[in-house]
Amino acid sequence: MTPQQIAEVRPRLLDFAAEMLGGLARSDQRAAGELYVRGLLTDGRRKSMQPMAGRLGIDHQRLQQFITSSTWDYVAVRRNVARWFAASQPVEALVVDDTGFPKDGPASPCVARQYSGTLGKIGNCQIGVSVHLVNERAPCAADWRLFCPESWDDQALDDPVAAAGAARRRQRAGIPDEVRHAEKWRLALEMIDEMTGPGGWGVLDQVTAAGGGRPVVVADAGYGDNALFRGGLTARGWRYVVAVKGTVSARPHGAVPEAITYGGLGRPSVPRYRTAPLSLRQLAIAHAGQIQPVTWRHGTRATRGNPDALMTGHFAAIRVRPASRHITPAADGSLPECWLLAEWPPQAEEPSDYWLSDLPDDTPVAELVRLAKIRWRIEHDYRELKTGLGLGHFEGRSFTGWHRHITLATLAQAFITMIRTDPKAPAPG
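Within any chain, residue numbers begin from 1 and follow the written order of that chain's sequence. For this predicted model, a pLDDT threshold of at least 70 governs which residues receive local features, and a threshold of 80 or more governs which side-chain atom pairs are given and counted, while totals over whole chains, interfaces and linings are taken from all residues. Working from all heavy atoms in the structure, the side-chain values ignore hydrogens and water.

**Things to note about the overall build of the protein chain**
Alright, step 1. Of the regular secondary structure elements, the protein chain holds 14 helices and twelve strands.
Alright, step 2. The globule rule is 2.2 Å times the number of residues to the power 0.38, and the radius of gyration it is compared with is taken over C-alpha atoms. A compact globule built from 429 residues should have a C-alpha radius of gyration of about 22 Å, and the protein chain, at 24 Å, falls within 12% of that.
Alright, step 3. For the protein chain, buried positions account for 50% of its 429 residues.
Alright, step 4. Looking at the protein chain alone, contacts between residues at least 24 apart form 65% of all its contacts between residues at least 6 apart.
Alright, step 5. Throughout, the Shrake-Rupley method with a 1.4 Å probe supplies accessible areas, and for residues the shown protein chains are the sole cover considered. Taken as a whole, the protein chain presents about 20400 Å² of accessible surface, with 51% of it coming from carbon and sulfur.
Alright, step 6. When charges are counted, Lys and Arg contribute as positive and Asp and Glu as negative, whereas His and the chain ends are disregarded. Here the site of a charge means atom NZ of a Lys, CZ of an Arg, CG of an Asp or CD of a Glu. Across the protein chain, the centroid of the 51 positively charged side chains sits 3 Å from that of the 45 negatively charged ones. Numbering of helices and strands starts at the N terminus; helices are DSSP runs of H or I of at least 4 residues and strands are runs of E of at least 2. Exposure is judged per residue with a 1.4 Å probe applied to protein chains only, and the accessible area is read against the type maximum: over 50% gives exposed, under 20% gives buried, and values in between give partly exposed. By definition, residues are in contact when any of their heavy atoms lie within 4.5 Å.

**Quick notes on helix H5 (residues 74-88)**
Alright, step 1. Multiplying 1.5 Å by the residue count of a helix minus one yields the expected span of that helix. For H5, with 15 residues, the first-to-last C-alpha span of 21 Å sits near the 21 Å given by 1.5 Å per residue.
Alright, step 2. Those residues of H5 lying buried are Tyr 74, Val 77, Arg 78, Asn 80, Val 81, Ala 82, Trp 84, Phe 85 and Ala 86.
Alright, step 3. Where the residues of H5 are buried, they touch helix H1 (3-20), strand S3 (121-134), strand S4 (139-146), helix H8 (203-209) and helix H14 (399-421).
Alright, step 4. The opening residue of H5, the one whose side-chain oxygen lies 3.0 Å from the backbone nitrogen of Val 75, is Asp 73. Within 3.5 Å is the distance limit for a polar contact, defined as a pair of N or O atoms, with the added protein rule that one can donate a hydrogen and the other accept it, and that residues adjacent in sequence qualify only through two side-chain atoms.

**Here we look at the packing of helix H7 (residues 184-196) against helix H10 (residues 227-235)**
When two helices pack together, you describe them by how their axes are tilted relative to each other and by the distance separating the axes.
Alright, step 1. Where H7 contacts H10, the axes come no closer than 10 Å and their chain directions differ by 10°. Relative to H10, the element H7 is oriented roughly parallel. When you trace H7 past H10, the crossing you get is right-handed. Contact with H7, carried on its side by Trp 185, Ala 188, Leu 189 and Ile 192, involves Leu 228, Phe 229, Gly 232 and Leu 233 of H10 and no other residues of that element.
Alright, step 2. Following the grouping adopted for this structure description, the nonpolar residues are Ala, Val, Leu, Ile, Met, Phe, Trp, Tyr, Cys and Pro, the charged ones are Asp, Glu, Lys and Arg, and the polar ones are all others, Gly among them. Broken down by class, the residue content of the contact of H7 with H10 amounts to seven nonpolar, one polar and no charged. Here the axes come from fitting lines to C-alpha atoms, over the contacting stretch only for helices, and the angles between their N-to-C directions go from 0 to 180 degrees. Relative orientations are named as follows: roughly parallel for angles under 35 degrees, roughly antiparallel for angles over 145 degrees, roughly perpendicular for angles from 65 to 115 degrees, and oblique for any other angle. Crossing chirality is assigned from the near helix's rotation relative to the far helix, an anticlockwise turn below a right angle marking it left-handed and a clockwise turn marking it right-handed.

**Considerations on the nonpolar core**
Alright, step 1. Put simply, buried Ala, Val, Leu, Ile, Met, Phe, Trp, Tyr and Cys residues joined by side-chain atoms within 4.5 Å make one nonpolar core. By size, the foremost hydrophobic cluster in this structure holds 111 residues, and its most contacted members are Phe 229 and Leu 408.
Alright, step 2. The residues touching Phe 229, leaving out its near neighbours within four places in the chain, are Val 96, Trp 185, Ala 188, Leu 189, Val 217, Ala 219, Tyr 223, Gly 224 and Val 242.
Alright, step 3. Core analysis: the second largest hydrophobic core is formed by 13 residues, Val 248, Leu 280, Val 320 and Leu 356 among them.

**Quick notes on unusual backbone geometry**
Alright, step 1. Unlike most non-glycine residues, Cys 110 shows phi in positive territory, near 65°.
Alright, step 2. Within the fold, Cys 110 resides in the loop between strand S1 (93-102) and strand S2 (112-116).
Alright, step 3. A residue is classified by how much of its surface remains accessible, and Cys 110, at 0% relative accessible area, is buried.

**Some details on the packing of aromatic side chains**
Aromatic ring pairs are described here by two measures, namely the spacing of the ring centres and the angle between the planes.
Alright, step 1. Working definition: a ring pair exists when centres of Phe, Tyr or Trp rings (six-membered ring for Trp) sit within 6.5 Å. Plane angles under 30 degrees give stacked, over 60 give edge-to-face, the rest tilted. All told, the structure shown has nine aromatic pairs when counted by the stated rule.
Alright, step 2. Consider the rings of Phe 16 and Trp 84, whose centres lie 5.2 Å apart with planes at 80°: the pair is edge-to-face. In this pair, Phe 16 is assigned in helix H1 and Trp 84 in helix H5, connecting sequence segments 68 residues apart.
Alright, step 3. The exposure class of Trp 84 is buried, given its relative accessible area of 9%.
Alright, step 4. Feature note: the residues Phe 16, Trp 84, Phe 85 and Phe 415 constitute an aromatic cluster, connected by ring pairs.

**Some words on the pattern of salt bridges**
Alright, step 1. We define a salt bridge as a side-chain nitrogen of Lys or Arg found within 4 Å of a carboxyl oxygen belonging to Asp or Glu. Per the counting criterion, the structure on display carries 25 salt bridges.
Alright, step 2. Of the charged contacts, one joins Asp 177 and Arg 180 as a salt bridge, the two residues approaching to 2.6 Å between their closest N and O atoms.
Alright, step 3. We classify Asp 177 as exposed; its relative accessible area is 54%.
Alright, step 4. Here Arg 180 falls in the buried class, since its relative accessible area comes to 17%.
Alright, step 5. In this structure, Arg 321 and Glu 337 form a salt bridge, with 3.8 Å as the shortest nitrogen-oxygen distance. A residue pair is termed long-range when its members are at least 10 positions apart, and Arg 321 in strand S10 (residues 310-322) and Glu 337 in the loop between S10 and strand S11 (338-343) qualify at 16 residues.
Alright, step 6. Arg 321 gets classed as buried once you look at its relative accessible area, which sits at 13%.
Alright, step 7. The structure contains a network of salt bridges with shared partners spanning Arg 78, Asp 143, Arg 145, Glu 190 and Glu 194.

**Comments concerning the packing of helix H4 (residues 60-68) against H14**
Alright, step 1. Taken N-terminus to C-terminus, the directions of H4 and H14 make an angle of 110°; their axes are 8 Å apart at the nearest point. One element, H4, and the other, H14, form an angle in the roughly perpendicular class. Across the interface between the two elements, Phe 66, Ile 67 and Thr 68 of H4 pack against Gly 401, Arg 404, His 405 and Leu 408 of H14.
Alright, step 2. When the residues that make up the contact of H4 with H14 are grouped by side-chain class, the tally is three nonpolar, three polar and one charged.

**Focus: the environment of Glu 34**
Alright, step 1. Structurally, Glu 34 can be placed in helix H2 (residues 27-41).
Alright, step 2. Apart from the residues within four sequence positions on either side, Glu 34 is in contact with Arg 10, Leu 13, Leu 14, Ala 17 and Leu 21.
Alright, step 3. Here the side chain of Glu 34 touches Arg 10 through a polar contact of 3.0 Å, side chain to side chain.

**Points about the side chain of Ser 48**
Alright, step 1. With respect to the helices, strands and loops of the structure, Ser 48 is situated in the loop between H2 and helix H3 (49-56).
Alright, step 2. Apart from the residues within four sequence positions on either side, Ser 48 is in contact with His 393 and Glu 395.

**Quick notes on the pairing of strand S7 (residues 249-252)**
Alright, step 1. In this description, strands pair whenever DSSP reports at least two bridges between them. Where S7 lies against strand S8 (residues 278-279), two bridges are found, and the strand directions are antiparallel. Residue pairing across strands places Ala 250 opposite Leu 278, the latter belonging to S8.
Alright, step 2. With three bridges connecting them, S7 and S10 associate as antiparallel partners. From the neighbouring strand, Arg 251 faces S10, where its bridge partner is Arg 321.

Don't take any of this as a statement about function, it's just geometry.
As structure tokens, then:
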């Protein structure tokens, strides 16, 4: 936003920031928080502290003190932002994703040579795992975890020299003792619990109080491929639509486990499937005759051939039974059934994308597709946060500082969402 635009919305920004930062104990902290958010909103190539301070006409140490050494709880601010969004916007999905933050050196907390989808390769970077509250019009990057690689967890390292080095790096970065290496999908479940579980933020209560139904969980194949992640969602009562690779194993919907009967004495065999499972790719190709065109939403780019900007593709939706040693069969040996959704471009020899969903068996195909595709919002979310609001511009070396910067960038985006979706409405109070 230009300085003039900031000046025009400043009264609303002050009210909104006061509401979101209301849990901060001192008025000077709340003022510094609004100042930092204003710096993130103001146009500028870099949103690290010194460039922001220059544009705001203040000493950068004021921002640095607020981020690195002032005592305030960033989790409480995230809670406020998430609850505001859930009360003011429909929430159709909780979208799980992660993004990389490239770094030049080894000092940033939890930086390591690791794969980043942002880079498309292995590089020196941090990885932030996030859960977003999403509808077709707006997203909210509600909760975050900084992924801790094994090389930053002294308790996970067998080499005493490497463990001692990790312990020193953790101490310098101020990483809490309870933050340890855990798979990204476990961090995602942890955040979903934090936002919606007993004793948590009460986000689900806000959604239902506003008249909404229980959202579904959406994720890419980095999470959806994992049967433990899908099982963790099911155990918590969440429905899901998750991307998977075509190599994931499953059985046809009609497959039946069998028990072998022996003529002699002894215990009868346990019912089980007697043939090898197939891949999702094989199952989708076997049902190529079920491909149909599906329109799932209106886009923004109308053309002469598509004046309504309809988003349309070709899909097959069939019922299957995913097979994994991590999936517990029923007493009769049968595996749970779910939807397999496959996108198959007209000129392609096989499907390009696959999803699994445990939505009810009478769910319309168009709704399956719409929810599978709602992840597009997150790509927009990351792009706006990174290019417009400086999400990845934090140059500090503290774990807490990283989380505080990320939280205030999320707050800044929430303010933009409020302006965009209801430009005449007052800030929440």
